[in-house]
Each structure stands twice: as structure tokens, then as C-alpha cells.
Amino acid sequence: MTETFVMRPATPADRPAVTRMIQARCQWMEERGLPSWRAGVDELAGQCENPDGDVWILEGTEHGVAGQMVVQDQGPPWGWTDEERAEPALYLSGSITDPVLRSRKPGTLMAWWAVDRAARLGVPWVRRHCHCAQVASYNLTQGFELVREEQRTHARLFMMARRAERLDMSGLVRTATPYPPGSE
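Here goes a summary of the coordinates provided.

Conventions used here
- Residues numbered from 1 in each chain as written.
- Predicted model: local features only at pLDDT ≥ 70, side-chain atom pairs only at ≥ 80, totals over all residues.
- Heavy atoms only, no water.
- Helix = DSSP H or I, 4+ residues; strand = E, 2+ residues; numbered from the N terminus.
- Rg over C-alpha atoms; globule rule 2.2 N^0.38 Å.
- Buried < 20%, exposed > 50% of the residue type's maximum accessible area, 1.4 Å probe, protein only.
- Disulfide = S-S within 2.5 Å.
- Expected span 1.5 Å × (residues − 1).
- 1 Å grid on protein atoms, 1.4 Å probe; cavity = no way out; pocket = protein on both sides within 12 Å on 5 of 7 lines; lining within 4 Å.
- Points joined across faces, edges and corners; volume = space filled by probe spheres on them.
- Nonpolar A, V, L, I, M, F, W, Y, C, P; charged D, E, K, R; others polar.
- Salt bridge = Lys/Arg side-chain N within 4 Å of Asp/Glu carboxyl O.

Per the secondary structure count, the chain includes five helices and eight strands. For the chain, the sequential pattern of α-helices and β-strands runs β-α-α-β-β-α-β-α-β-α-β-β-β. For 184 residues, the compact-globule estimate of 2.2 N^0.38 gives 16 Å, and the chain sits close to it at 16 Å. When its C-alpha atoms are laid out on the principal axes, the chain stretches across 45 × 40 × 30 Å. Expressed as a percentage of its 184 residues, the buried residues of the chain come to 44%.

The next thing to look at is the state of the cysteines. Within this structure, the stated rule accounts for zero disulfides. Its sulfur unpaired, cysteine 132 is 7.0 Å from the next cysteine sulfur, which belongs to cysteine 130.

Turning our attention to helix H4 (residues 106-121). Between its terminal C-alpha atoms H4 stretches 22 Å, which fits the 22 Å expected from 16 residues at 1.5 Å a residue. With 13 of 16 residues buried, H4 lies mostly within the body of the structure. Glycine 122 lies just past H4 and shows a positive phi near 80°.

Reported here for the largest pocket is a volume of approximately 1200 Å³. Lining the largest pocket we find 31 residues, and of these Met29, Trp37, Ser95, Cys132 and Val135 sit closest to its centre. At the level of elements, helix H1 (15-31), strand E4 (89-97), H4, strand E5 (125-130) and helix H5 (133-141) are the ones that each hand at least two residues to the lining of the largest pocket. Of the residues forming the lining of the largest pocket, the biggest block, six residues, is contributed by E4. Partitioning the lining of the largest pocket into residue classes produces 16 nonpolar, 11 polar and four charged.

One pass over the structure, following the stated rule, counts 13 salt bridges. Here glutamate 149 makes a salt bridge to arginine 156, at a shortest N to O gap of 3.0 Å. In the salt-bridge network here, residues are joined through shared partners; they are Arg8, Asp14 and Glu59.

As C-alpha cells, this is what we get:
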């Protein structure tokens, strides 16, 4: 049986499971000599308590919490032009997944869910940024395009975008919260 995933808003009750997932990702990163989020685990897991409803959980029927991602309708004040910021878009950030599920590509499932969600909501763009060339390469496999690279004080940012479109997510991911009438 293939595990079914659901995307739903995070709740404070998710914090212990999200903490375990982030710690597993940190260990995976450290074993490969990659920079880890170990020092920020509490802050990252604390996002589950965000009352704005912009932190989402990817949850499996068998595995439990498989990922966490922030989905906002306003991007950062840097990295995008005034014209780009004026366009409606969903902005993805803080994507973290459980490495034990790598073969299921939970990061891709979350990104595709956001692309489909944006289309259903009538939002034309999904945008994201990352600090790591390897993550940018992974995002390209999800259909995102590199818009530009930007040097911040201590980080190189990869600004990426993808047009929203309806995707067949049946059998992959469903949304726990209803869409507006007519968008299903």
C-alpha cells in the first residue's frame, strides 16, 4: 500500500513530531558535511505555533509528519523587483522534510501541492528562495526556474518562480482544508 499524504495547517500539537523530523534532517545533513539547522531546531519547530495559518504540515497516514513548509502571500522585501512584488503570488520558504522518506520526494510533493493550490486560488505565481545551490538544483526538478541570484550580506540567494497550474495530485497529496467554491 502506498502511503497517502495530506497537507494541513500546523498546530501547536505538531511541535514534538516536527522537532523529531528536523533533528533527523539535521543528522542527515551533518553526516554529509552539510551546514545543519541544529542550532535553530527550537525556532523552526516553534513555527507550528504560528497563529497566522501560513505554516503547513505534510503528514502521512503511516509515517506521520513528513514535512513542514511556510506558505505566504507576501514575499520578503528583498530579492524581487517592485513589479514582481506587485503580482499576486504564493511564497514558499522553510521547507524541511524527513530524510527517511527521500524516495517519496516529500519536498517535491509540497512544492507541487503549492503550485496546484495557487492555481485553485487564482494566484498566478509560486515563488521561493534558497541559500544553497544543491537545493536550487532540486527546486529546478520541481519545475521552478531560476529568476536571479542575489548576494545578501553573508548569503547567496537563489530566487526562483513557477507559474501556478492545476496538477493532478490525486493519490499523492490532498488538502485538509476546503478550497473556495468552484476551485475544486
